[in-house]
Amino acid sequence: MSFSYPEIRLRPNTERLLIKGHPWVYSGAVALSHPGASAGAVVDVISSTDRFIGRGYFNPDSEIAVRMLHRQRDRDVDAEFVHQVITDAVRLRQEHPELGEAGACRLIHGESDGLPGLIVDRYGEWLVVQLHTAGVETLRAWVVDALQQILQPRGIYERSDVGTRRADGLCDRPTGVLAGEEPPELIEFREGNVELVADVRRGQKTGFFLDQRDNRLLMGRFAGGRSVLNLFSYTGSFSAHAARAGATRVVDVDIALGALRTGRLNHERNGGGSLSTSLNTDVFSLAEQWSDRGKQFGVVVVDPPSLARRNRQAKQAMGVYTKLNRNAMRLVEDGGYLLTCSCSTRVSEEDFFQIVRRAASGARVRARVLDIGHHSADHPVDPAFPEGRYLKSLLVRVFRD
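Treat the numbers as computed from the prediction; the structure is a model and nothing was measured.

Colleague: Please provide a residue-by-residue account of the sheet that holds strand S6 (residues 64–70), values included.
Modeller: One open sheet holds the six strands; their spatial order is S2-S6-S5-S4-S1-S3, and the pairing between them is mixed. Only two strands of the sheet have a single neighbouring strand rather than two, namely strand S2 (24–26) and strand S3 (30–33). Shown here is a sheet whose adjacent strand axes are inclined to one another by a mean of 35°, direction ignored. Bridge analysis of strand S4 (residues 42–46) against strand S5 (residues 52–58) gives five bridges, and the strand direction is antiparallel.

Colleague: Explain the state of the cysteines residue by residue, including any values.
Modeller: Applying the stated criterion to the full structure yields zero disulfides. Cysteine Cys105 remains unbridged, with the sulfur of Cys341 as its closest cysteine sulfur at 19 Å.

Colleague: For a nonpolar patch on the surface, give the residues involved together with the corresponding values.
Modeller: A cluster of nonpolar side chains, contributed by Phe353, Val369 and Ile372, occupies part of the molecular surface with about 230 Å² of accessible area. Within the fold, Ile372 resides in strand S19 (residues 366–374). Of the residues examined, Ile372 reaches a relative accessible area of 44% and is grouped as partly exposed.

Colleague: Just give me the short version of the nonpolar core, but keep the residues and values in it.
Modeller: In a soluble, globular protein the nonpolar side chains are often hidden away together inside. The biggest cluster of nonpolar side chains holds 32 residues, and the ones touching the most others in it are Leu229, Leu231, Val300, Val302, Met329 and Leu338. The set of elements that each furnish at least two residues to this core consists of strand S14 (227–231), strand S15 (249–254), helix H9 (283–293), strand S17 (297–302), helix H10 (314–330), strand S18 (332–342), helix H11 (349–363) and strand S20 (392–399). Formed by 30 residues, the second largest nonpolar core is a distinct cluster that contains Phe81, Val85, Val90 and Leu131.

Colleague: Account for the packing of aromatic side chains, with residues named and values stated.
Modeller: Inspection of the entire model under this criterion finds nine aromatic pairs. Taking the centre distance of 5.0 Å and the plane angle of 75° together, the rings of Trp24 and Phe385 count as edge-to-face. Taken as a pair, Trp24 in strand S2 and Phe385 in the loop between S19 and S20 lie far apart in primary sequence, 361 residues in all. There is no split in this pair, since Trp24 and Phe385 are both buried. Plain terms: the ring middles of Phe189 and Phe208 are 5.2 Å apart, the flat faces sit at 90° to each other, and that makes the pair edge-to-face. Placement of Phe189 in strand S12 (residues 187–191) and of Phe208 in the loop between strand S13 (194–198) and helix H6 (213–222) is noted, with a sequence separation of 19 residues between them. In this structure an aromatic cluster arises from ring pairing among Trp24, Tyr26 and Phe385. Cation over ring: Lys295 sits above Trp290, and NZ or CZ is 4.9 Å from the ring centre.

Colleague: Would you mind going over the layout of surface pockets in detail, with residue names and values included?
Modeller: One number sums up the size of the second largest pocket: a volume of about 300 Å³. Around the second largest pocket, the lining comprises 18 residues; the ones closest to its centre are Leu69, Glu111, Ser112, Asp113 and Gly114. Counting only elements with at least two residues in the lining of the second largest pocket, the list comes to S6 and helix H2 (79–94). Per element, the largest residue contribution to the lining of the second largest pocket is five residues, and it comes from H2. Taken together, the residues of the lining of the second largest pocket break down into eight nonpolar, four polar and six charged.

Colleague: I'd like a rundown of the sheet that holds S18, residues and numbers included.
Modeller: The strand order across the open sheet formed by seven strands is S16-S15-S14-S17-S18-S20-S19, and the pairing between neighbours is mixed. Strand pairing shows two members of the sheet lacking a second neighbour, strand S16 (276–280) and S19, which therefore form its edges. Averaged over all neighbouring strand pairs, the angle between strand axes comes to 15°, with direction disregarded. Running at roughly 20° to S20, H11 makes contact with S18, S19 and S20 of the sheet.

Colleague: Quick one: what's the story with the environment of Val365, residue by residue and with numbers?
Modeller: With respect to the helices and strands, Val365 occurs in the loop between H11 and S19. Separated by 36 residues in sequence, Val365 and Asp401 have C-alpha atoms that sit 7.0 Å apart. Residues in contact with Val365, not counting those within four places in the same chain, are Met329, Ala360, Val398, Phe399 and Arg400.

Rules of the game
Here the residue numbering is sequential within each chain, running from 1 through the sequence in written order. For this predicted model, a pLDDT threshold of at least 70 governs which residues receive local features, and a threshold of 80 or more governs which side-chain atom pairs are given and counted, while totals over whole chains, interfaces and linings are taken from all residues. Note that the side-chain values use all heavy atoms of the structure and ignore hydrogens as well as water. A pair of strands is labelled paired if DSSP reports no fewer than 2 bridges between them. Numbered from the N terminus, helices here are DSSP runs of H or I no shorter than four residues, and strands are runs of E no shorter than two. Every angle, taken between N-to-C directions, lies between 0 and 180 degrees, and every axis is a line fitted to C-alpha atoms, over only the stretch in contact when it is a helix. Two cysteine sulfur atoms make up a disulfide if the distance between them is within 2.5 Å. Nonpolar side chains (Val, Leu, Ile, Met, Phe, Trp, Tyr) are joined into patches within 5 Å and like charges within 9 Å, using only residues with over 30% relative accessible area and no salt bridge. Here the open area of atoms and residues is found with the Shrake-Rupley method and a 1.4 Å probe, where only the protein chains shown may cover a residue. Salt bridge, as used here: a side-chain nitrogen of Lys or Arg that lies within 4 Å of a carboxyl oxygen of Asp or Glu. Exposed residues in this analysis have more than 50% of their type's maximum accessible area, buried residues have under 20%, and partly exposed residues fall in between, with area computed by a 1.4 Å probe over protein chains only. The term nonpolar core refers to a set of buried residues drawn from Ala, Val, Leu, Ile, Met, Phe, Trp, Tyr and Cys, joined through side-chain atoms within 4.5 Å. Two rings from Phe, Tyr or Trp (for Trp, the six-membered ring) form a pair when their centres sit within 6.5 Å of each other. Planes less than 30 degrees apart are called stacked, planes more than 60 degrees apart edge-to-face, and all others tilted. To sit over a ring, a charge needs its Lys NZ or Arg CZ within 6 Å of the ring centre and within 35 degrees of the ring normal. Grid points spaced at 1 Å and placed over the protein atoms alone form the basis of the search, with a cavity being a set where a 1.4 Å probe fits but cannot get out and a pocket an open set showing protein on both sides within 12 Å along at least five of seven lines. Lining residues have an atom within 4 Å of a point. Grid points are joined across faces, edges and corners, and a volume is the space filled by probe spheres set on the points. We call Asp, Glu, Lys and Arg charged. Ala, Val, Leu, Ile, Met, Phe, Trp, Tyr, Cys and Pro are nonpolar, and the rest, Gly among them, are polar. The contact rule is simple, with two residues in contact once any of their heavy atoms fall within 4.5 Å.

Structure follows, in structure tokens:
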């Protein structure tokens, strides 16, 4: 028998997207909430016409008042539920022909895997987790138990040092071992034929940008015999793939000195140590200076951090992206390649295409888009949740008249 959950009642005509599967109930859609429903409580969402919409976790202090978990009235949110959702997510990866044997892989991708606010990444024998919301915090013990039972990792390490927790009313930013052994300073893993390391204790996200796997593998198919400029290089994973493919020279540019040091290790492990240079400087300024000086490379990679975290920043971000890509195209030699990316959710795929179009015009080059990419398969997208489709990339061949 199902438990009785507090009810959240919606305003009239606000349930349409929820019925179609969208996982978020915005605060403006809530007409009435149960007085006993505190932050993180599991609640039932009911329409203005008394229709049961689904079950999720509630946060009265968040813009997203409810994050949906499922749509079945007779299904509880308990340890068994958490175990089943994680089992399904892991199976999705294990059954994928390119992910089953991957050295590092995202196992739980928040809303797209049915556990909003939860990220779980696997690096070799270790798991790294992030709990972003008050709701998933209430499931913490069940999540850890399920991960241990299903995957039997050597250790589980938490990296919930994320700003999104503050937005959800959580003041702490916990990190540390949740179960098993503490991970080493650097975890070694393979991506295709490339050897990489990740700093899961101090690196960005959970230590590595797993969502760019497909683009890194793509890099390995066209970087051979060319010089490579990697802008916003972080730990040099694109450069490591380029080095393994036989690039003649690799230049990494990033403002984070620690990331560049890890990048040197990735270069050396893939035969690029003597051919690589690392520059610790502001990427935007250097790209403009070098493009003015006429420097050119066979391949230029542009993978900046998100430039539009809020809707009001989108217009300004479009201008910054355009200028950055214009300078990058000027840095590409005749017949060379630009691999450019955007992880800004508020910049759509069509917006990004138009950014590259304007950048090519500004750089006075002929551009031909050869590949349109997204995040890799371990970052699945629920069609009912388009907000989960954030990463977009274009591989562009650049010609000079």
